[in-house]
Amino acid sequence: MDSEDVVTDAEVVAQARAGVELARVELVRRYHANCLRFARHLVGDEADAEDCVQETFIRAFAALSKYHERDSFRAWLFQILVHRCRTAAARRTRHRERFVNDGQVADRAAVRGGEAHVDAQRHLASALEGLDPEHREAFLLKVGEEMDYAEMARLTGAGVPALKMRVKRARDHVRAHWPGARHD
Amino acid sequence: MTEPRDDDERREPHDQQFDEQVRAAYRRALESDAGAEARVLSRLAGTKRPSGGLHWWLSVQAFELRPALALGALAVLLVGAVWVGARLAPRASAPAPVAGAPGTDGATNAAAGSPVTFVLRAPGATRVSVAGDFNNWDAEATPMKHSGTGDMWILSMTLPRGVHRYSFVLDGSEWRPDPSAPLAADETFGGHNSVIVVNGAKGL
C-alpha cells in the first residue's frame, strides 16, 4: 500500500499532533468512508452509525497524543470506533430496539449505487442478520477489514482463540444465509 | 489438526473464496457519504481547542504535502465547501471561477471570522494584492503591505468561516497562486487558485 509517493499515516498524524488542521482533514478523508462502512454494517442503523463515526473522530483527535506509532492508525481509530458502536448498540438494546436494522444499509446502497450495489448489500445485510454483536464485530473486522488477529485482539479486548472461533461461527452463519453459496 | 498457529487463521480455500465474495459486497459500500464526511469536518471545526484560532495557517507552511495528499485533502474541502456553502449562503460570487463557493456573506458571517495572514515573496513587484471569493476577485481591493525588507509582502485580515479560494495579484495584472498554500483549486474550479480553510466552518 505504501509507495514512495504516499504520505504515510504516521507523517500525517505527526502533523495533526503539531496542530496542522489540514492533517486532521486528511485523516478524516483517509478513514471516514472506512469507518462509516464498518459502523453501518455493525450497528445497522444509518443515523447511529454516523454518530458513532463522528464521535470516533472527535475522540481520536482529542486523544491523539495517546496514539503510539507502533500501532497502525487505522487499528487505533477502529478501537475507538468499536467502543462507540458497542455503546450505541447497548443504548439501542436498552430501548428494546433490535440491534440491527439492515434494511437501512441496503436501502442507502440503493440510493447511492444502483442495482449491483443493492444486491450485494442485501445479500450481506440479510446474511449478517441474526448474528450477535460480538460475532458480527469479529467477522467484519476479519473478513471486511482484513485485520489480523493480533490487531483485532488489541482493539476488541478479546483473546485470539475466542476471536477465531467467533469469525468461524460467523462465517458459517453468513454462508448459510448467503444466496448462491449455501452449497459448495 | 488445522489448528491455526500463526497470527492469522488457516482458512480452507473455499472459506477464502467465500470471504472474498463477502468482502466484495462489504466494499461496495465504501463510497463515502459526502454529507456525512462534511458533517464530521464541521463538528471538528466546531470543537477546536481553545487556543485554536487560525494559527495553523502559519504552521501549515511546514506541512510539506506531496501532491496526492494535497489533492485528496482538496477534494474533501471542496465537497465540504459545497455543502457548507449550500447551508450558509447559497449565492454566487460573480466573477469567481468557482462552483459552489462557500458563503461569504460578510453581514452574517464576519463576526464568526478569523484572522488570516497571507505572505508572499515577490521579487521585483511594486504592488501586490490578494483577490479571492471574499472580495469578489477584485485585484485592487485588498493590497498587501511590503514588509520593509527583502521581497516579502504581508497582509493580515479577517475572513469569514469557510473555505476560500484566492490568488495573489502582482502589479495589478499578474495572477499568481500562493506557493505556500497546501491546497490548490484544480482546473475544474478555474485553474490556478489557492485554497484557505478558515476555522469554525460550521454548517449549522
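Bear in mind that the values here come from a model prediction, so they are computed numbers and not experimental data.

## Overview of the overall build of chain B
Argument step 1. If you tally the helices and strands in chain B, you get 5 helices and 8 strands.
Argument step 2. Secondary structure elements of chain B occur, N-terminal to C-terminal, as α-α-α-α-α-β-β-β-β-β-β-β-β.
Argument step 3. By the burial criterion, 48% of the 204 residues in chain B qualify as buried.
Argument step 4. Residue pairs at least 24 apart in sequence account for 73% of intrachain contacts in chain B once pairs closer than 6 positions are excluded.
Argument step 5. Accessible surface computed for chain B: about 10100 Å², of which carbon and sulfur atoms make up 54%.

## Describing the pairing of strand S1 (residues 114–121) of chain B
All names here are of chain B.
Argument step 1. Side-chain alternation along S1 places Ser114, Val116, Phe118 and Leu120 on a buried face and Pro115, Thr117, Val119 and Arg121 on a face that remains uncovered.
Argument step 2. Pairing analysis gives 8 bridges linking S1 to strand S4 (residues 152–159), with the strands arranged antiparallel. Within S4, the residue paired with Arg121 across the bridge is Met152.

## Some details on the environment of B:Ala36
Argument step 1. Summarising the element assignment, B:Ala36 is placed in helix H2 (residues 34–46).
Argument step 2. Residues contacting B:Ala36, with those up to four places away along its chain left out, are A:His32, A:Leu36 and A:Glu50.

## Here's the deal with the packing of aromatic side chains
Argument step 1. Summed over all chains, the structure comprises 9 aromatic pairs over all chains.
Argument step 2. Consider the rings of A:Phe73 and A:Trp76, whose centres lie 5.8 Å apart with planes at 40 degrees: the pair is tilted. Of the two residues, A:Phe73 and A:Trp76 both sit in helix H4 (residues 73–94), 3 residues apart, roughly one turn of that helix. Both residues of the pair, A:Phe73 and A:Trp76, count as buried.
Argument step 3. Ring centres of A:Trp178 and B:Phe18 lie 5.7 Å apart, and the angle between their planes is 90 degrees; on these two criteria the pair is classed as edge-to-face. Here B:Phe18 lies in helix H1 (residues 13–27) and A:Trp178 lies in the segment after helix H8 (160–176), a pairing that spans two chains.
Argument step 4. Cluster of aromatic residues (ring-pair linked, three or more members): A:Tyr31, A:Tyr67, A:Phe73 and A:Trp76.
Argument step 5. The ring of B:Phe18 carries the charged tip of A:Arg175 above its face, separated from the ring centre by 4.9 Å.

## Description of the side chain of B:Thr142
Residues and elements named next belong to chain B.
Argument step 1. Structurally, Thr142 can be placed in the loop between strand S2 (128–132) and strand S3 (145–146).
Argument step 2. Accessibility expressed as a relative area gives 12% for Thr142, which makes it buried.
Argument step 3. With sequence-adjacent residues up to four places away left out, Thr142 is seen in contact with Ser129, Val130, Asn135, Leu155 and Met157.

## Some details on the packing of helix H6 (residues 133–144) of chain A against helix H7 (residues 149–156) of chain A
Residues and elements named next belong to chain A.
Argument step 1. For the pair H6 and H7, interaxial distance at closest approach is 10 Å and the crossing angle is 140 degrees. Taken together, H6 and H7 sit at an angle that is classed as oblique. As for how H6 packs across H7, the hand of that crossing is right-handed. In contact with Glu137, Ala138, Leu141 and Lys142 of H6, H7 contributes Tyr149, Met152, Leu155 and Thr156.
Argument step 2. Among the residues making up the contact of H6 with H7, the classes are represented as 5 nonpolar, 1 polar and 2 charged.

## Section: H7(A)
For an α-helix, 3.6 residues make a turn, and residues three or four places apart therefore share a direction.
Residues and elements named next belong to chain A.
Argument step 1. Along H7, 6 of the 8 residues are buried, which leaves the element largely enclosed by surrounding structure.
Argument step 2. Residues of H7 that are buried include every one of Tyr149, Glu151, Met152, Ala153, Leu155 and Thr156, and no others.
Argument step 3. Phi turns positive, to about 85 degrees, at Gly157, one or two residues after H7.

## Side note on the confidence of the model for chain B
Residue and element names in this part refer to chain B.
Argument step 1. Overall, the prediction assigns chain B a mean pLDDT of 65, with 49% of residues at 70 or greater.
Argument step 2. Of all the helices and strands in chain B, helix H3 (residues 56–59) carries the lowest mean pLDDT, 36, while S2 carries the highest, 93.
Argument step 3. Predicted confidence for residues 1–7 stays below pLDDT 50, and this span has 9 contacts to residues more than four positions away or in other chains.
Argument step 4. Low pLDDT (under 50) marks residues 48–66, which in the prediction has 44 contacts with non-local residues, meaning those over four places away or in another chain.

## Examining the environment of B:Arg11
Argument step 1. As for its position among the elements, B:Arg11 is in the segment before H1.
Argument step 2. Beyond its immediate stretch of four places on either side in the chain, B:Arg11 contacts A:Arg171, B:Gln16, B:Asp19 and B:Arg23.

## Structural notes on unusual backbone geometry
Argument step 1. Positive phi is not limited to glycine here, since A:Glu146 has a value of about 55 degrees.
Argument step 2. Classification of A:Glu146 by relative accessible area gives partly exposed; the value is 45%.
Argument step 3. The phi dihedral of B:Trp137 is positive, around 60 degrees, even though this residue is not glycine.
Argument step 4. Here B:Trp137 lies in the loop between S2 and S3.

## Re the pattern of salt bridges
All names here are of chain A.
Argument step 1. Applying the stated rule across the entire model yields 21 salt bridges over all chains.
Argument step 2. Between Arg37 and Glu145 there is a salt bridge, and its shortest N-O distance comes to 3.3 Å. Taken as a pair, Arg37 in helix H2 (residues 21–43) and Glu145 in the loop between H6 and H7 lie far apart in primary sequence, 108 residues in all. For the pair Arg37 and Glu145, one class covers both residues: buried.
Argument step 3. Across the salt bridge formed by Asp172 and Lys168, the nearest N and O atoms sit 3.2 Å from each other. A residue pair is termed a helical-turn pair when its members lie 3 or 4 positions apart in one helix, as Asp172 and Lys168 do in helix H8 at 4 residues.
Argument step 4. On the basis of relative accessible area, Lys168 is assigned to the partly exposed category, the value being 43%.
Argument step 5. Overlapping salt bridges bring together Asp9, Glu26, Arg29 and Arg30 as one network.

Conventions adopted
- Residues numbered from 1 in each chain as written.
- Chains lettered and ligands numbered in written order.
- Predicted model: local features only at pLDDT ≥ 70, side-chain atom pairs only at ≥ 80, totals over all residues.
- Heavy atoms only, no water.
- Helix = DSSP H or I, 4+ residues; strand = E, 2+ residues; numbered from the N terminus.
- Buried < 20%, exposed > 50% of the residue type's maximum accessible area, 1.4 Å probe, protein only.
- Contact = heavy atoms within 4.5 Å.
- Areas by Shrake-Rupley, 256 points an atom, 1.4 Å probe, with all protein chains shown as cover.
- Pairing = 2+ DSSP bridges.
- Phe/Tyr/Trp six-rings, centres within 6.5 Å; stacked < 30°, edge-to-face > 60°.
- Lys NZ or Arg CZ within 6 Å of the ring centre and 35° of its normal.
- Axes fitted to C-alpha atoms, helices over the stretch in contact; angles between N-to-C directions.
- Parallel < 35°, antiparallel > 145°, perpendicular 65-115°, else oblique.
- Left-handed = near helix turned anticlockwise from the far one by under 90°.
- Nonpolar A, V, L, I, M, F, W, Y, C, P; charged D, E, K, R; others polar.
- pLDDT = per-residue confidence, 0-100.
- Salt bridge = Lys/Arg side-chain N within 4 Å of Asp/Glu carboxyl O.

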